[in-house]
Amino acid sequence: MKQAAVKPRFIVLDGLDGTGKTTQCTLLAEYLIKSGVKAAVGFEPGGTEAGRRIREILLNSQTSISKETELLLFSADRAEHQVKVASLLELGFWVISDRFLSSTWAYQVRGRSAPIGLFEAVLPYTIKQYPDLTIILDLEAESAVQRSLLRLKAEGKEIAEGRFESEKSSFFQKTREGFLEYAANRQYGETIIINAAQTIEEVSEQIIDAVRERFL
Ligand code: TYD
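Treat the numbers as computed from the prediction; the structure is a model and nothing was measured.

Further remarks concern the packing of aromatic side chains. Applying the stated criterion across every chain yields a total of 12 aromatic pairs. Centre to centre, the rings of F164 and F171 are 6.3 Å apart; their planes meet at 35°, and the pair counts as tilted. Both residues of the pair, F164 and F171, belong to the buried class. A cation over an aromatic ring shows up here: K38 above the ring of F93, its NZ or CZ 4.8 Å from the ring centre. The ring of F100 has R78 sitting right over it, with the charged end atom 5.4 Å from the ring centre.

Bringing the packing of helix α3 (residues 67-90) against helix α5 (residues 116-126) into the picture now. Between α3 and α5, whose axes approach to 10 Å, the crossing angle comes to 20°. When the axes of α3 and α5 are compared, the pair comes out roughly parallel. Our pair here, α3 against α5, has a crossing hand that is right-handed. Residues E68, L71, L72, S75, R78, A79 and Q82 of α3 form the contact with α5, whose participating residues are L118, F119, V122 and T126. A per-class count over the contact of α3 with α5 returns six nonpolar, three polar and two charged.

This part is about helix α9 (residues 200-215). The periodicity of an α-helix, 3.6 residues per turn, causes residues three or four positions apart to be oriented the same way. In this model, α9 (16 residues) spans 22 Å end to end at C-alpha, consistent with the 22 Å of a helix rising 1.5 Å per residue. Every buried residue of α9 is accounted for by V203, S204, I207, I208, A210, V211 and F215. For α9, the arc enclosing every buried residue in end-on projection is 155°, short of the 170-degree limit, so these residues lie on one face. Opposite the buried face of α9, by more than 90 degrees, sit the exposed residues E201, E205 and E213.

Moving on, we come to the pairing of strand β4 (residues 133-138). With respect to burial, β4 is a largely interior element, six of its six residues being buried. The two faces of β4 match: L133, I135 and L137 on one face and T134, I136 and D138 on the other face are all buried. Taken together, the five bridges between strand β1 (residues 10-15) and β4 define a ladder with parallel strand orientation. Note on β4: the bridge partner recorded for D14 is I136. Looking at chain direction, β4 and strand β5 (residues 191-195) are connected through five bridges and run parallel. Counterpart to D138 in the pairing with β5 is N195.

So, on to the packing of helix α1 (residues 21-34) against α9. Remark: α1 packs on α9, axes separated minimally by 10 Å, with the N-to-C direction vectors making an angle of 50°. By the angle between their directions, the pair α1 and α9 is classed as oblique. With respect to the hand of their crossing, α1 and α9 are arranged in right-handed fashion. Every residue of α9 that contacts α1 at T23, Q24, L27, L28, Y31 and L32 is listed here: I200, V203, S204, I207, I208, V211 and R212.

On to the pattern of salt bridges. Counted by the stated rule, this structure contains 16 salt bridges. Of the charged contacts, one joins R52 and E49 as a salt bridge, the two residues approaching to 2.9 Å between their closest N and O atoms. Taken as a pair, R52 and E49 lie in helix α2 (residues 49-59) at a separation of three residues, close to a single helical turn. Residue classification places E49 among the exposed positions, given a relative accessible area of 54%. One network of salt bridges, with partners in common, ties together E70, R112, R163 and E167.

We now examine the site of the ligand. Around the ligand, the surrounding shell holds 16 residues, and the nearest of these are D17, R55, R99, T104 and Q108. In the environment of the ligand, an oxygen atom lies 2.6 Å from a nitrogen or oxygen atom belonging to the side chain of R99. Look at the ligand: alone it shows 550 Å² of surface, and the protein chains cover 93% of it. Ranked by residue count, the leading element in the shell around the ligand is helix α4 (residues 101-111), at four residues.

Rules and cut-offs
- Residues numbered from 1 in each chain as written.
- Predicted model: local features only at pLDDT ≥ 70, side-chain atom pairs only at ≥ 80, totals over all residues.
- Heavy atoms only, no water.
- Phe/Tyr/Trp six-rings, centres within 6.5 Å; stacked < 30°, edge-to-face > 60°.
- Buried < 20%, exposed > 50% of the residue type's maximum accessible area, 1.4 Å probe, protein only.
- Lys NZ or Arg CZ within 6 Å of the ring centre and 35° of its normal.
- Axes fitted to C-alpha atoms, helices over the stretch in contact; angles between N-to-C directions.
- Helix = DSSP H or I, 4+ residues; strand = E, 2+ residues; numbered from the N terminus.
- Parallel < 35°, antiparallel > 145°, perpendicular 65-115°, else oblique.
- Left-handed = near helix turned anticlockwise from the far one by under 90°.
- Contact = heavy atoms within 4.5 Å.
- Nonpolar A, V, L, I, M, F, W, Y, C, P; charged D, E, K, R; others polar.
- Expected span 1.5 Å × (residues − 1).
- Arc of directions from axis to C-beta.
- Pairing = 2+ DSSP bridges.
- Salt bridge = Lys/Arg side-chain N within 4 Å of Asp/Glu carboxyl O.
- Near = heavy atom within 4 Å.
- Polar contact = N/O pair within 3.5 Å; in protein donor to acceptor, adjacent residues only side chain to side chain.
- Areas by Shrake-Rupley, 256 points an atom, 1.4 Å probe, with all protein chains shown as cover.

The structure is reproduced here in structure tokens:
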């Protein structure tokens, strides 16, 4: 590793529920720390004090909200998380975020057909720092949702956090396409896709290689 003054980076891992993002965020952070850089993992929605409350509204399966409100609440959660991300970067930490703007594009704009104008309008007010790299973990929609549902059931969180998992498979199909489209457009920073239908070790190796070849 080129040790001299490595600039702290903001890296996003995103993808459908059940693609293994959270595990991969931890593995990447562990690798970075072993490589001698300071690293922190954040997440959306809910990675801040106010965000935790916003998350409860967003994920509760008994709460009905319009697609516009949904987009705005995810954006509000992100605005709070961005303050935290910016201060961590300032302190020299690399920040790995479990989900970011790519999720809002995929789930709200493509999955729910929320207005693109609304998505774009809030960006200048909510985003301080665009990612240096976004990594989309791609998995066939059906298997991703099955994995996610099994985990929610095992944790007893179907009602408290199951609002998205209760959607039809066509919703997740549109959402998956939204992620692929976001990656192809590269409008909000470099975005790459990794096939999540591999072992945890294989996916981790590809993520680490992508980060190492660009930034270390
Ligand atoms: P998350 O906590 O990452 O759930 P999981 O660990 O099950 O993947 O995210 C919760 C849900 O929020 C998930 O179904 C995706 C959704 N979401 C959006 O719809 N838009 C967004 O902008 C974000 C950040 C998340």
